[in-house]
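Chains, contacts and geometry: an overview
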Amino acid sequence: MAWRRSTVQVFALIYGLAFAVVGLAGFMDQGMAHETQHLFGVFPVNGLHNFFHLLIGLAGIAVYFGTALSARYYAQTVGIIYLVLGFLGFVTPDLFGLMPIGGADIALHFIAAAIALYFGYAPASAVETRRPITH
């Protein structure tokens, strides 16, 4: 019997694909350069920033094929990381010289955190239900 993926697993796949695409777009635009560029003309990124976007994306895609619990942990972890990055963007917009996280990234980090935290901490009945596929 085939099973549908849980809502939180679908979230992980969508988030994973989005972050992987953003990471790849950053690499195509500037490679691994340490200098700050503006992805899509708005978001400050550099090579390390692109690498982490790709890493978070690949993790989300991988988690989709795991369990609902692993997808929930992914959502919680990504949500907390992006929440912290949002606040750090105000304090150290260049993350201590490592990568740009200020400017337009601040709002994007808070939005990314809110969405991930919803899926990470929503009641299990809302995001982990697995139902058999019926034809």
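Before any of the text, the structure's been laid out above.
We now turn to the structure provided with this report. (Residues numbered from 1 in each chain as written. Predicted model: local features only at pLDDT ≥ 70, side-chain atom pairs only at ≥ 80, totals over all residues. Heavy atoms only, no water.)

**Re the overall build of the protein**
Regarding its fold elements, the protein presents five helices and two strands. The order of α-helices and β-strands along the protein, N terminus first, is α-β-β-α-α-α-α. The C-alpha extent of the protein, read off along each of the three principal axes, is 50 × 30 × 20 Å. Looking at the protein residue by residue over its 135 residues, the buried ones come to 41%. Within the protein, counting contacts between residues at least 6 apart in sequence, those at least 24 apart form 70% of the total. Only carbon and sulfur atoms are counted for the fraction: they give 74% of the accessible area of the protein, which is about 7,300 Å². Taking the average place of the 5 positive charges on the side chains of the protein and the average place of its 5 negative ones, the gap between the two points comes to 31 Å. (Helix = DSSP H or I, 4+ residues; strand = E, 2+ residues; numbered from the N terminus. Buried < 20%, exposed > 50% of the residue type's maximum accessible area, 1.4 Å probe, protein only. Contact = heavy atoms within 4.5 Å. Areas by Shrake-Rupley, 256 points an atom, 1.4 Å probe, with all protein chains shown as cover. Lys, Arg positive; Asp, Glu negative; His and termini not counted. Charge placed at Lys NZ, Arg CZ, Asp CG, Glu CD.)

**Focus on the environment of A59**
Structurally, A59 is set in helix α2 (residues 47-64). A residue is classified by how much of its surface remains accessible, and A59, at 32% relative accessible area, is partly exposed. For the pair A59 and V21, spaced 38 residues apart in sequence, the C-alpha to C-alpha distance is 13 Å.

**Notes on the side chain of T92**
Structurally, the position occupied by T92 is in the loop between α3 (68-91) and α4 (104-121). The class for T92 is buried, based on a relative accessible area of 8%.

**Comments concerning the environment of F40**
Turning to its location among the elements, F40 is positioned in the loop between β1 (37-39) and β2 (43-45). For F40, a relative accessible area of 59% corresponds to the exposed category. Residues F40 and V22 lie 18 residues apart in sequence; the distance between their C-alpha atoms is 9.7 Å.

**Some details on unusual backbone geometry**
You will see that L95, though not glycine, has its phi angle at about 45°, which is positive. Here L95 is to be found in the loop between α3 and α4. A positive phi is found at F96, a non-glycine position, where the angle reads about 60°. Examined against the element boundaries, F96 turns out to sit in the loop between α3 and α4.

**Some thoughts on the packing of aromatic side chains**
Counted under the stated rule, the structure contains 10 aromatic pairs. Note on F51 and F52: the rings are 5.5 Å apart at their centroids and 75° apart in plane angle, and the pair reads as edge-to-face. Residue F51 is classed as partly exposed on the basis of its relative accessible area, which comes to 38%. Taken together, a centroid distance of 5.1 Å and an interplanar angle of 80° make the contact between Y118 and F119 edge-to-face. Among the aromatic side chains, those forming a connected cluster through ring pairs are F11, Y15, F19, Y74, Y82, Y118 and F119. (Phe/Tyr/Trp six-rings, centres within 6.5 Å; stacked < 30°, edge-to-face > 60°.)

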